[in-house]
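Structural characterization, general
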Amino acid sequence: ANNGQLNVTFGGASLFGNIAIDSLGQIILSSNSNTTFFDDLSNKGELRVSPGSVATFFGDVSGPGNYTGTGSKFYEALFSPGSSPGLVIDEGDATFGSGAVVVMEIGGADQGSEYDHYDVAGQLSLNGTLVISLLNGYAPGEGEVFDLFDWGALSGEFFRLDFSGATLAKGLAWDFS
């Protein structure tokens, strides 16, 4: 549990064990740090990946915390932004690998408070699986729109879409545009 500040600089670093960044906590990766998180990360504070630095996640990543700095993040496991649901802002680049499972929750029509939204200022590279889950019995109506992602630049696409937890009323269908 991190209530303070953890700094990682230059070279490679490997972090093992589940990590919880509390609301006042920070992890700062700087000076061309190449840091790998092998276990789960819950971010309720700040993870800064400075320019030239890279964070790679092999464990699940969740929480409403912010991702500051213009460095790169690579997600190779579950990614669930927000706090059921929430808005997560990422100032850098984000890549979802082929093993990534991105879970986006929808419980209403208000972005960031009723459904998840991930806003990536830089390059967003898609791959892996997108899972849509409806919360608390929410049933989207005809014409409702859910903007789940924003980006500076986009590449790739999810190779699998899982809407098994997001069944719509008879006569309605998801529009993936």
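The preceding data block contains the structure.
The following refers to the structure shown. (Residues numbered from 1 in each chain as written. Predicted model: local features only at pLDDT ≥ 70, side-chain atom pairs only at ≥ 80, totals over all residues. Heavy atoms only, no water.)

Moving on, we get to the side chain of E46. Mapped onto the elements, E46 comes out in strand 5 (residues 46-49). Residue E46 is classed as buried on the basis of its relative accessible area of 15%. Within the structure, E46 has its side chain in polar contact with the side chain of Q26 (distance 2.5 Å). Not counting residues up to four positions away in its chain, the partners in contact with E46 are I21, G25, Q26, I27, N66 and T68. (Helix = DSSP H or I, 4+ residues; strand = E, 2+ residues; numbered from the N terminus. Buried < 20%, exposed > 50% of the residue type's maximum accessible area, 1.4 Å probe, protein only. Polar contact = N/O pair within 3.5 Å; in protein donor to acceptor, adjacent residues only side chain to side chain. Contact = heavy atoms within 4.5 Å.)

Let's shift gears to the pattern of salt bridges. Counting across every chain of the model gives three salt bridges. A salt bridge links E46 to R48; its shortest N-O distance comes to 3.1 Å. The class for R48 is partly exposed, based on a relative accessible area of 27%. Measuring nitrogen to oxygen at the nearest pair gives 3.9 Å for the salt bridge that ties D162 to R160. Residue class for D162 comes out buried when judged on its relative accessible area of 17%. (Salt bridge = Lys/Arg side-chain N within 4 Å of Asp/Glu carboxyl O.)

As a further point, take the packing of aromatic side chains. Applying the stated criterion across every chain yields a total of 16 aromatic pairs. When the centroid spacing of 4.7 Å and the interplanar angle of 5 degrees are considered together, the rings of F16 and F38 count as stacked. Placement of F16 in the loop between strand 1 (5-15) and strand 2 (19-21) and of F38 in the loop between strand 3 (26-37) and strand 4 (41-43) is noted, with a sequence separation of 22 residues between them. Under the relative-accessibility criterion, F38 is labelled partly exposed at 33%. Ring-pair connections join several aromatic residues into one group, and the members of that group are F37, F57, Y75, F79, F96, Y118, F149 and F158. (Phe/Tyr/Trp six-rings, centres within 6.5 Å; stacked < 30°, edge-to-face > 60°.)

Geometry only, nothing functional implied.
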